[in-house]
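The lines below spell out each chain.
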Amino acid sequence: FGKQLDRKGYFEPDLDLIVSGATDNQDLMLRVFGFVQNRMSWNDYLGYLTDKGVKQAYADRVGNVADVNLMLVSMLRHVGLSANPVLVSTRSNGVNIFPSRTAYNYVIAAVEIPEGLILLDATSKNTRPNILPFRAVNWSGRIIRSYGSSAEVELHPKELSKEVNYIMGTLDADGGLSGKMRRQYTEYAAYSFRENHGGLARESYLERLENRYKGLEVDDYEVSNVKDIAKPIMETYSFSHSNVADVIGDKLYLNPLLFFTMAENPFKQDNRRYPVDFVYPTQDRYNVNLTLADGLQVETIPQQVTYVMDDNVGTFKFSCTASGNQIQISAVYEMTPAILPAEYYLSLKRFFTEMITKQTDKVVIKRI
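The structure contained in this document is the topic of the report that follows. Small disclaimer: the values here were computed from a predicted structure and weren't measured. (Residues numbered from 1 in each chain as written. Predicted model: local features only at pLDDT ≥ 70, side-chain atom pairs only at ≥ 80, totals over all residues. Heavy atoms only, no water.)

**Quick word on the overall build of the chain**
So, step 1. What the chain contains, in helices and strands, is seven helices and 21 strands.
So, step 2. Oriented by its inertia axes, the alpha-carbon framework of the chain measures out at about 80 × 45 × 35 Å.
So, step 3. Considering the chain as a whole, with its 368 residues, one finds that 50% of them fall into the buried category.
So, step 4. Counting every atom, the chain has about 17,800 Å² of accessible surface; 47% of that belongs to carbon and sulfur.
So, step 5. Between the mean site of the 40 positive side-chain charges and the mean site of the 44 negative ones, the chain shows a separation of 4 Å. (Helix = DSSP H or I, 4+ residues; strand = E, 2+ residues; numbered from the N terminus. Buried < 20%, exposed > 50% of the residue type's maximum accessible area, 1.4 Å probe, protein only. Areas by Shrake-Rupley, 256 points an atom, 1.4 Å probe, with all protein chains shown as cover. Lys, Arg positive; Asp, Glu negative; His and termini not counted. Charge placed at Lys NZ, Arg CZ, Asp CG, Glu CD.)

**Here's the deal with the pattern of salt bridges**
So, step 1. Enumeration over the complete set of coordinates arrives at 12 salt bridges.
So, step 2. Arg145 is paired through a salt bridge with Glu112; the nearest N and O atoms lie 3.0 Å apart. Placement of Arg145 in the loop between β6 (140–144) and β7 (150–154) and of Glu112 in strand β4 (residues 106–113) is noted, with a sequence separation of 33 residues between them.
So, step 3. What makes Arg145 buried here is its relative accessible area of 18%.
So, step 4. Accessibility expressed as a relative area gives 26% for Glu112, which makes it partly exposed.
So, step 5. Notably, a salt bridge pairs Glu264 with Lys268, separated by 2.6 Å at the nearest N-O pair. (Salt bridge = Lys/Arg side-chain N within 4 Å of Asp/Glu carboxyl O.)

**Section: the sheet that holds strand β11 (residues 233–241)**
So, step 1. Here eight strands make up an open sheet; going across it, the order is β10-β11-β9-β8-β15-β19-β18-β17 and the pairing mixed. Strands with a single pairing partner mark the edges of an open sheet, and in this sheet they are β10 (216–224) and β17 (305–308). For this sheet, the mean inter-axis angle between neighbouring strands, taken without regard to orientation, is 10°.
So, step 2. Looking at chain direction, β10 and β11 are connected through seven bridges and run antiparallel. Note that in β11 the partner of Glu217 across the bridge is Ser240.
So, step 3. Contacting β9 (177–185), β10 and β11, helix α6 (residues 202–212) runs over the sheet at an angle of about 130° to β10. (Pairing = 2+ DSSP bridges. Axes fitted to C-alpha atoms, helices over the stretch in contact; angles between N-to-C directions. Contact = heavy atoms within 4.5 Å.)

**A word on the side chain of Ser347**
So, step 1. Looking at the element boundaries, Ser347 is found in helix α7 (residues 345–359).
So, step 2. Residue classification places Ser347 among the buried residues on the basis of a relative accessible area of 5%.
So, step 3. A distance of 3.3 Å separates the side chain of Ser347 from the backbone nitrogen of Asp310, its partner in a polar contact.
So, step 4. The contact partners of Ser347, leaving out residues within four places of it in the chain, are Met309 and Asp310. (Polar contact = N/O pair within 3.5 Å; in protein donor to acceptor, adjacent residues only side chain to side chain.)

**So, the sheet that holds β6**
So, step 1. Strand order in the open sheet formed by five strands is β5-β4-β3-β6-β7, with antiparallel pairing between adjacent strands. The open sheet has two edge strands, β5 (116–120) and β7, and neither has a second partner. When strand polarity is set aside, the average angle formed by the axes of neighbouring strands in this sheet is 35°.
So, step 2. Examined bridge by bridge, strand β3 (residues 83–88) and β6 share two bridges and lie antiparallel to one another. Its bridge partner lying in β6, Leu87 is registered against Arg142.
So, step 3. Lying over the sheet, helix α4 (residues 65–78) contacts β3, β4 and β5, oriented at roughly 20° with respect to β4.

**Regarding the packing of helix α2 (residues 25–39) against α4**
So, step 1. In contact at an axis separation of 10 Å, α2 and α4 are set at 150° when each is read in the N-to-C sense. It follows that α2 is roughly antiparallel to α4 by the angle criterion. Two packed elements cross with a definite hand, and for α2 against α4 that hand is right-handed. Here Met29, Val32, Phe33, Phe35 and Val36 of α2 come into contact with α4, specifically with Val68, Leu72, Met75 and Leu76.
So, step 2. Of the residues assigned to the contact of α2 with α4, the class counts are nine nonpolar, no polar and no charged. (Parallel < 35°, antiparallel > 145°, perpendicular 65-115°, else oblique. Left-handed = near helix turned anticlockwise from the far one by under 90°. Nonpolar A, V, L, I, M, F, W, Y, C, P; charged D, E, K, R; others polar.)

**Section: α6**
So, step 1. All of the buried residues along α6 are Tyr205, Leu206 and Leu209. Down the axis of α6, the sector holding all buried residues measures 100°, keeping them to one side.
So, step 2. In the core, the buried residues of α6 are packed alongside β9, α5 (187–197), β10 and β11. (Arc of directions from axis to C-beta.)

**So, the environment of Pro302**
So, step 1. Looking at where Pro302 falls in the secondary structure, it is placed in the loop between β16 (296–300) and β17.
So, step 2. What makes Pro302 buried here is its relative accessible area of 3%.
So, step 3. When the C-alpha positions of Pro302 and Pro85 are compared, they lie 53 Å apart, and in sequence the two are 217 residues distant.
So, step 4. With near-sequence residues (within four places) excluded, Pro302 lies in contact with Pro256, Phe318, Cys320, Lys358, Asp361, Lys362 and Val363.

**Points about the nonpolar core**
So, step 1. Among the nonpolar cores identified, the biggest contains 57 residues, and Leu254, Leu258, Ile327, Leu348, Phe351 and Ile365 are the most heavily contacted of them.
So, step 2. Every residue in contact with Ile327, bar those within four places of it in the chain, is listed here: Val288, Asn289, Leu290, Leu292, Val298, Cys320, Thr321, Ala322, Val363 and Ile365. (Core = buried A, V, L, I, M, F, W, Y, C linked by side-chain atoms within 4.5 Å.)

Dropping the structure here:
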């Protein structure tokens, strides 16, 4: 990295104003990171060596990965934080088996604190501390410290990224459903939303949403915190679906998770030799409250179940209750590892088969 980490005269006047009045090291780090993130634009070029150099990149407000993130390391050191570059092999570049100059094609920043490392990448406007771009979340990297040592760094996150869905709706006698929806996305789920949908026009996103859930019509759509990356994404909207239940004779057969039902197991191979890469730990939660229209009555509901994978790496909990014209459904899917070793594959395949079977276990409603 050479002199690129030592140069600081080009940014000192600007940065000193930004960090003036910072209350603690956390505040310092966030101010520096936000400054680089907002000022600099990534030109889509990879590499752990600078292209034009940090000084020229700063003046131009654009640079490659190393221009942006080595600048970030230098600024963090300038304000007194223990910061160092971390070499990374991107997902498209493959997994680095052992350290070498050709094993890596990317560099991020790390701040060392007593509790461990805080990983930072300022090439994306939607990242934040310990939320890296997906391209950089690839097994392990290697931190290169200023005094000459190096060490392996785990890049996959440990904290659950959550998607929480609240549905309130009314089911009519023809199998149509109308109601309101609220969704919350945290951590990498929020990052993914911002990356994939944050720049879309409202109409374009709603078209995507309705295409994803066939038969869904959305109205009164609102989304908050898209630009405030420190907060979860919140979506609310009204919806209608013309045929959420199968009508056969005088009975309606309803999937308990409605249009969110997973219909097909993504794991089809009999065996697997390589780990399954989920990228990040996940929790998906569904809370469904249904009101039956006049003339409808619950006949049978699915039984409560809990499915657990070997060593508790994955869980699925489901419950359904009915009282009068009200149905309450709760389902929680959780996968705690970001990388699942190949020896868990058969357990994983069986787990998904059981989960899909339960999601398609019908609520039976009769017309009276």
